[in-house]
Amino acid sequence: MTGFPFGPALLFCPADRPDRYARAVSSADAVILDLEDAVDPARRVLAREALVAADAEGRLDPERVIVRVNPAGTDDHGADLAALAVTDLTTVMLPKAESVDDLRDLTGLDVIALCETARGVMGAPQLAGAAGVVALMWGAEDLVASMGGTSSRHDDGRYRDVAVHARSSVLLAASAAGIGAVDTVHLDIADLAGLGAEAVDAAAVGFAATACIHPSQVETIRAAYRPSGDEIANARALLDAAAGAGGVFAFEGRMVDGPVLAHARIVLRRAGLDG
């Protein structure tokens, strides 16, 4: 488990829509105010002004707001950082992060590096170990586009193999560095069953959070990361049985050793209980 401070449901909100800020902040565990893809380039100045004004008015909690800036090397990147400098906001998401050099202007900020190109996925281990990086996130659609492809999913909704590989690579890189990993968005807003299945899998393999694009997706993500009553009861029973076992033992027909006990402790911690 990492010390990633956000999650499990991270909601994107266009920064040029300050009328949506309040609902986004109240709906999700943290909000990603987006200065990049969600904003028409012609409205990015307006988006920055709206973000600065909302912060000045005390409408943004720095502990629950992440700002997705534009990629390193772009004119908008510098303008985004200049706007952030006059706010109390200290966590940024850097899209299309590919190398440690892309982080050069982010000193003093907490960074979620978004690995969404082929170079970004290949560079994930180096990004994860860089100073200031608190999490990695992966992105499917930009990744496939960076390789000249057109679709990250099969017709039945399953990710194609390259997307599965990228997802696993980013998770492993983040985990190896002891930082959080954020699973990508589910673009089909109405497909809550598909989102739920992906979020259940994300929680099971160690993602700290899942990003989303609509408030209606938030509770599905929260439910996926929240252990059930049966899971909590089973974890407690297992740990109670281990207290006097003194090593490997059998519990309800199953061999129990250190890793199995670690899983039980994680269930309790995820439920907000002592593990």
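Residues numbered from 1 in each chain as written. Predicted model: local features only at pLDDT ≥ 70, side-chain atom pairs only at ≥ 80, totals over all residues. Heavy atoms only, no water.

### Here's the deal with the overall build of the protein chain
Helices and strands together make up the secondary structure of the protein chain, namely 11 helices and 10 strands. Relative to the 2.2 N^0.38 estimate, which gives 19 Å for 275 residues, the radius of gyration of the protein chain is 20 Å and therefore close to what a compact globule would have. Counting across all 275 residues of the protein chain, residues that qualify as buried make up 47%. Accessible surface, the protein chain: about 12,900 Å² in total, of which carbon and sulfur atoms supply 53%. Within the protein chain, one finds 23 positive and 39 negative side-chain charges whose respective centroids are separated by 2 Å. (Helix = DSSP H or I, 4+ residues; strand = E, 2+ residues; numbered from the N terminus. Rg over C-alpha atoms; globule rule 2.2 N^0.38 Å. Buried < 20%, exposed > 50% of the residue type's maximum accessible area, 1.4 Å probe, protein only. Areas by Shrake-Rupley, 256 points an atom, 1.4 Å probe, with all protein chains shown as cover. Lys, Arg positive; Asp, Glu negative; His and termini not counted. Charge placed at Lys NZ, Arg CZ, Asp CG, Glu CD.)

### What to know about the UniProt feature "binding site: Mg(2+)" (unreviewed entry) in the protein chain
Per the UniProt record, "binding site: Mg(2+)" (unreviewed entry) is annotated on Glu116 and Asp142. The annotated residues occupy 27 residues of the chain but converge on a single region, no pair of C-alpha atoms lying more than 5.5 Å apart. Of the residues annotated just before, the second largest pocket has Glu116 and Asp142 among its lining. Considering the arrangement of structural elements, one finds Glu116 in the loop between strand S5 (110-115) and helix H4 (118-122). According to the relative accessible area criterion, Glu116 is buried, its value standing at 3%. Not counting residues up to four positions away in its chain, the partners in contact with Glu116 are Pro95, Lys96, Gly139, Asp142 and Leu143. Side-chain polar atoms of Glu116 contact the backbone nitrogen of Lys96, separated by 2.9 Å. (UniProt positions renumbered as here; feature names shortened; annotations may be inferred. 1 Å grid on protein atoms, 1.4 Å probe; cavity = no way out; pocket = protein on both sides within 12 Å on 5 of 7 lines; lining within 4 Å. Contact = heavy atoms within 4.5 Å. Polar contact = N/O pair within 3.5 Å; in protein donor to acceptor, adjacent residues only side chain to side chain.)

### Some details on the UniProt feature "binding site: substrate" (unreviewed entry) in the protein chain
Within this numbering scheme, the UniProt entry marks Arg68 and Glu116 as carrying the feature "binding site: substrate" (unreviewed entry). Despite a sequence span of 49 residues, these residues sit close together in the fold, their greatest C-alpha distance being 13.5 Å. Put simply, the named residues that line the second largest pocket are Arg68 and Glu116. On the secondary structure map, Arg68 appears in strand S3 (residues 65-68).

### Regarding helix H11 (residues 258-270)
The periodicity of an α-helix, 3.6 residues per turn, causes residues three or four positions apart to be oriented the same way. Spanning 13 residues, H11 covers 18 Å between terminal C-alpha atoms, matching the ideal 18 Å at 1.5 Å per step. All buried positions along H11 are accounted for by Val260, Leu261, Ala264 and Leu268. Relative to the axis of H11, the buried residues are bounded by an arc of 100° and lie together on one face. Packing partners of the buried residues in H11 comprise helix H10 (229-242) and strand S10 (254-256). Residue Gly272 follows H11 closely and has a positive phi angle near 80°. (Expected span 1.5 Å × (residues − 1). Arc of directions from axis to C-beta.)

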